[in-house]
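One-letter residues, chain by chain:
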Amino acid sequence: MALIPQPDLADVQVIGIPRGLLYYRYGPLWETFFAELGRTVVVSDDTDRAIVDAGTLVSVDEVCLASKAYMGHVDSLTGRCDAVFVPCYASCDPRAGFCTKFQSVTDMVANTFRDRGVRVISCLVENVSKPKEVRQAYLDLARRLGAGPAQAKHAWKAAMHALEADQRAKAAAQDETLRLLAEYRQVTASDPTGSHERPLAILLVAHPYIAHDEYLCGTIVESLESMGVTVLFADETNHARSYKASFDFTDTLPWVINRELIGSILLLQDKVDGIVLVSAFPCGPDSMTDDAIMRYIQGTPILNLMIDAQSGTAGVETRIESFVDILRYHQKGGYVHG
């Protein structure tokens, strides 16, 4: 007989969610889920220097910049909520797993902030490729929060609807941008006067918690857009399509997010002028995949950027400007491929 989860978290009324790591993938699900259970949700503020510094102080040197920022977000929620939600995402599927930081983060937070009285609530998602197992993990959490079976199922259904709607909207927006780019390029290609400059499109390839964090990656995006570049985000490509496409690259890659990013590259490389790879030092999965991507992808220029807590922005901006200048030179026929 299966054990029925006891409502040991029924007193938790205000739940804090750190704005980092998997929040940028599952944020709509988490916020909707807890709101449907009648909880007040407090999401930490946008990343800034103070948050990164606070996280760095409580982290070991070896963890990546994104993990240090996450710990800073937890720190910023201290005193603002009854408990902090830190789920554990593992995987039994060797082709749809997560970086070990997503498996260990619950214990890291609980132990790091134990002396400060930070209460951590969590759930264990053992296999993200099996929807029933993911659903059960959240239903169990809902019951621990005091929800009955009907309310728990309703909260889960609403949460999944919110997540799927968010992902569909992003994929649809990307498809529309690609359609407009294709149309405009047809116009410029058929213009004998050359009065219309063909727009540049660059695919930014980074984990969503890097790509969409304005403090960690904002300088890169702003620099590209200030030069008239249309930026597309690899993580916003339809996840199922990009995951499937990744098997043309390798059968053995164990990280689902890296798979989706690589699949996006394969699907879009012929529709963009260049690719910018962005990694947070010292990301283990990226250290293994970025070099392989640069060797595998042919015909599309790639710029590989590494960001860390000590880096200034001047060097990054200079490299981006040079990269865009090269793309424009190439666009005007400056390079001839034999």
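These lines cover the structure that appears in this document, whether it is placed above or below. Sequence order as written defines the numbering, with residues in each chain counted from 1. Only residues with pLDDT of 70 or above have their local features reported here, since the model is predicted, and side-chain atom pairs are shown and tallied only from 80 upward, although totals for entire chains, interfaces and linings are computed over all residues. The side-chain figures draw on all heavy atoms in the structure; neither hydrogens nor water molecules are used.

Let's shift gears to the pairing of strand S2 (residues 40–43). Within a regular strand, side chains alternate between the sheet's two faces. By the convention used here, strands pair only if DSSP detects at least 2 bridges between them. Runs of H or I in DSSP of at least four residues are treated as helices and runs of E of at least two as strands, each being numbered from the N terminus. Pairing between strand S1 (residues 14–17) and S2: four bridges, direction parallel. Each bridged residue has a counterpart across the sheet, and for glycine 16 the counterpart in S2 is valine 42. Handedness rule for crossovers: strands pointing away from the viewer, path from the first strand over the helix to the second running clockwise, crossover right-handed. Crossover S1 to S2 through helix H1 (residues 23–36) is right-handed.

On to the packing of aromatic side chains. Paired rings are identified among Phe, Tyr and Trp, the last through its six-membered ring, by centres lying within 6.5 Å, and are further divided according to the angle between planes into stacked (under 30 degrees), edge-to-face (over 60) and tilted (the rest). On inspection of all chains with the given rule, the structure shows 13 aromatic pairs. A ring pair is formed by phenylalanine 102 and tyrosine 209, whose centres lie 6.1 Å apart and whose planes are at 75°; its orientation type is edge-to-face. Taken together, the residues phenylalanine 102 in helix H4 (residues 100–112) and tyrosine 209 in helix H7 (residues 208–211) connect sequence positions 107 residues apart. Each member of the pair, phenylalanine 102 as well as tyrosine 209, is classed as buried. Ring-pair connections join several aromatic residues into one group, and the members of that group are Tyr26, Trp30, Phe33, Phe34, Phe85, Tyr89, Phe98, Phe102, Tyr138, Trp156 and Tyr209. The ring centre of tyrosine 243 lies 6.0 Å from the NZ or CZ of arginine 259, which sits over that ring. Across the ring face of phenylalanine 247, the terminal group of arginine 259 is positioned such that the distance to the ring centre comes to 4.0 Å. Each residue is placed in one exposure class: buried if its accessible area under a 1.4 Å probe, protein chains only, is under 20% of its type's maximum, exposed if it is over 50%, and partly exposed if it falls in between. Throughout this description, the term charge over a ring refers to an Arg CZ or Lys NZ atom that lies within 6 Å of the ring centre and within 35 degrees of the ring normal.

Turning to helix H3 (residues 65–77), a few remarks are in order. Multiplying 1.5 Å by the helix residue count minus one yields the expected span of that helix. For H3, built from 13 residues, the straight-helix expectation of 18 Å at 1.5 Å per residue is met to within 8% by its first-to-last C-alpha distance of 19 Å. Where H3 is concerned, the buried positions are Leu65, Ala66, Ser67, Lys68, Ala69, Tyr70, Met71, Gly72, His73, Val74 and Leu77. After H3 finishes, the residue glycine 79 shows a positive phi value of roughly 85°.

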